[in-house]
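# Fold and contact review
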Amino acid sequence: MSSPTTSIDVLSEVLAVCRSEHAVTARFALTEPWGLSSAGTLGTVIRLARGRGYWMQIGMQEPIHVEPGDFVMVQPGVPHRLYSGPDVVDTPFSELIKQHGIGPPGENPLVFELGGGGAFTDLYSAQLWFSAYCRHTVLRILPSCIHVREADLPLVNSLAATMQSLTEETLARRPGWRMSAARMGELMLVNLLREYLAKNAATGTGWLRGMADPAIARAIAQMHRAPQREWTVDLLAQEAALSRTRFNARFRELVGASPIGYLTAHRMALAAEALRAGGQALTRVAEDAGYESYKAFARAFRRWSGLSPGMYLRRENERVIELPTP
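Residues numbered from 1 in each chain as written. Predicted model: local features only at pLDDT ≥ 70, side-chain atom pairs only at ≥ 80, totals over all residues. Heavy atoms only, no water.

### Here's the deal with the nonpolar core
The criterion, for reference: Put simply, a nonpolar core is a bunch of buried Ala, Val, Leu, Ile, Met, Phe, Trp, Tyr and Cys residues held in one set by side-chain atoms that sit within 4.5 Å of each other. For each residue, the accessible area found with a 1.4 Å probe, counting protein chains only, is set against the maximum for its type, and the residue is called buried under 20%, exposed over 50%, and partly exposed in between. Secondary structure elements follow DSSP: runs of H or I of four or more residues count as helices, runs of E of two or more count as strands, with numbering from the N terminus. Pairs of residues are marked as contacts when any of their non-hydrogen atoms sit within 4.5 Å.
Core analysis: the largest hydrophobic core is formed by 53 residues, its most contacted members being Phe 71, Val 138, Trp 207 and Phe 247. Residue contributions to this core peak at 8 residues, all from helix H5 (residues 177-200). Non-local contacts of Phe 247, meaning those with residues more than four positions away in its chain, are made with Ile 216, Ala 219, Val 233, Leu 236, Ala 237, Ala 240, Leu 242 and Pro 259. Listed in part, the 21 residues of the second largest apolar core include Ala 49, Ile 97, Phe 112 and Cys 145.

Here's what the structure looks like:
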């Protein structure tokens, strides 16, 4: 039987294969009055402001005030606007990209000034493209926007420095900047999620809510450490130190799926990551996912994704990073 596992340990297990594949940054010098609008980004956007705070509205939701030093993370495809105050005219990000973008599409740092000359806001922005596993397991259960206040971030100074370094790395394009920017993007994600999950685990969904229960967290951690093992409900119940019946019921109640259903989804997300990365035969991907035959794996993968592994791989390979919208 395993030793007790904390929620942070489980977070490490879940995020262990969550990678940032690409990062594009921007720095905006904004003076009141100013307004910006986005129809939705291709990647996940993380923002940090210095100077004067600002207002942000996600879709038709009530606006929230973002203070200097706060971090905001917006999910891909979510329409939103940023503005200094009421009754301002928005400028679409897409227009500014055409005017001020540096370099080829997909590697397009953006630097510009906007506004009427009043109080100053220095806004740093990073758009991150995360790996297939991260998209299928982490981002899909998060809200459209996460707002982490400066007072709630123990590492706020170092994270702010990381955000600024991330922007500078992309703008300067020194040797190794792509790798450096991507890894710094992962660091940002881990720390923001850690703070968000610490406050919202009990009311979250999926594995997020399961992390709040020590017994269920132990089982989830074991599935992530050894996904290829021939797990049964009985074995997982032993890891959780619960009876089979009680474990099965509690897991379903908290996670919203059966233990084996969750394991299958985790295996498929890992397989999707392997397919996206390339370099492995499909039969090897099936074996690593815990399937003895490729046919059995392909059936499970189609039930999970709606596509055969081959079709999924072609779709991923055809994904083109277009001109970013920060």
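Additional details are given in the paragraphs that follow.
### Regarding the environment of Tyr 196
Relative to the assigned elements, Tyr 196 resides in helix H5. Taking relative accessible area as the criterion, Tyr 196 reaches 17% and is therefore assigned buried. Sequence spacing of Tyr 196 and Val 148 is 48 residues, and the spatial spacing of their C-alpha atoms is 7.1 Å.

### Remarks on the packing of helix H7 (residues 214-225) against helix H10 (residues 259-277)
In plain terms, the rule: In this description, a line fitted to the C-alpha atoms serves as the axis of each element, helices being fitted only across the stretch in contact, and the angle between N-to-C directions of two axes falls anywhere from 0 to 180 degrees. Working rule for handedness: look at the near helix, and if it is turned counterclockwise from the far one by less than a right angle, call the crossing left-handed; if clockwise, right-handed. Note on residue categories: nonpolar means Ala, Val, Leu, Ile, Met, Phe, Trp, Tyr, Cys or Pro, charged means Asp, Glu, Lys or Arg, and polar means any other residue, Gly included.
Between H7 and H10, whose axes approach to 10 Å, the crossing angle comes to 35 degrees. Of the two possible hands of crossing, H7 and H10 adopt the one that is right-handed. Facing Ile 220, Met 223 and His 224 of H7, the residues of H10 in contact are Pro 259, Tyr 262, Leu 263 and His 266. Looking at side-chain class alone, the contact of H7 with H10 contains 5 nonpolar, 2 polar and no charged residues.

### Some words on the sheet that holds strand S5 (residues 64-66)
Which entries qualify depends on this criterion: DSSP calls a pair of strands paired once it identifies at least 2 bridges connecting them.
In space, the 5 strands of this open sheet follow the order S5-S4-S7-S2-S8, with mixed pairing throughout. The outermost strands of the open sheet, each flanked by one partner alone, are S5 and strand S8 (91-92). Here strand S2 (residues 35-38) runs beside strand S7 (residues 80-83); their pairing, made up of 4 bridges, is antiparallel. Paired with Ser 38 across the bridge in S7 is His 80.

### Description of the sheet that holds strand S11 (residues 145-148)
An order of S9-S1-S10-S3-S6-S11 is seen for the 6 strands of this open sheet, with the pairing classed as mixed. Every interior strand has two partners, whereas the edge strands, strand S9 (110-115) and S11, have only one. Neighbour to neighbour, the strand axes of the sheet diverge by 20 degrees on average, direction disregarded. Where strand S3 (residues 44-51) and strand S10 (residues 120-130) come together, 8 bridges link them in antiparallel fashion. Within S10, the position partnered with Thr 44 by the bridge is Leu 128. Taken strand by strand, H5 contacts strand S1 (20-31), S3, strand S6 (71-74), S10 and S11, and its axis lies near 80 degrees from that of S1.

### Concerning the side chain of Asp 70
We count it as follows: In protein, a polar contact requires one atom able to donate a hydrogen and another able to accept it; more generally it is a pair of N or O atoms within 3.5 Å, and residues adjacent in sequence count only if both atoms are side-chain atoms.
Mapped onto the fold, Asp 70 is located in the loop between S5 and S6. A polar contact is formed between the side chain of Asp 70 and the backbone nitrogen of Glu 67, at a distance of 3.0 Å. Within the structure, Asp 70 has its side chain in polar contact with the backbone nitrogen of Glu 150 (distance 2.9 Å). In this view, Asp 70 contacts Arg 47, Leu 48, Ala 49, His 147, Val 148, Arg 149 and Glu 150; residues no more than four positions away in its chain are not counted.

### Structural notes on the packing of aromatic side chains
Quick reminder of the rule: The pairing test for Phe, Tyr and Trp rings, Trp by its six-membered ring, is centres within 6.5 Å, and the orientation test on the planes gives stacked under 30 degrees, edge-to-face over 60, and tilted for anything in between. Two limits define a charge over a ring: the Lys NZ or Arg CZ must be within 6 Å of the ring centre, and within 35 degrees of the ring normal.
This model, assessed by the stated rule, comprises 10 aromatic pairs. Among the aromatic residues, ring-to-ring pairing joins Tyr 291, Tyr 294, Phe 297, Phe 301, Trp 304 and Tyr 312 into one connected group. The positively charged end of Arg 81 is found above the aromatic ring belonging to Tyr 83, 4.0 Å away from the centroid.

### Structural notes on the side chain of Ser 38
The topology assignment puts Ser 38 in strand S2. For Ser 38, a relative accessible area of 6% gives the class buried. A polar side-chain atom of Ser 38 sits 3.1 Å from the main-chain amide nitrogen of Gly 40.

### Considering the pattern of salt bridges
This is how the line gets drawn: Within this document, salt bridges are pairs made up of a side-chain nitrogen of Lys or Arg and a carboxyl oxygen of Asp or Glu, the two lying within 4 Å of each other.
This structure, assessed with the given rule, holds 8 salt bridges. The closest approach of N and O atoms between Glu 32 and Arg 52, which form a salt bridge, is 3.2 Å. Here Glu 32, found in the loop between S1 and S2, pairs with Arg 52, found in the loop between S3 and strand S4 (54-58); they are 20 residues apart in sequence, far enough to count as distant. For Arg 244, the salt bridge is made with Asp 234, and the minimal N-O distance between the two is 3.0 Å. Residue Arg 244 is found in helix H9 (residues 244-255), and its partner Asp 234 is found in helix H8 (residues 233-240); the two are separated by 10 residues along the sequence. Residue classification places Asp 234 among the partly exposed positions, given a relative accessible area of 41%.

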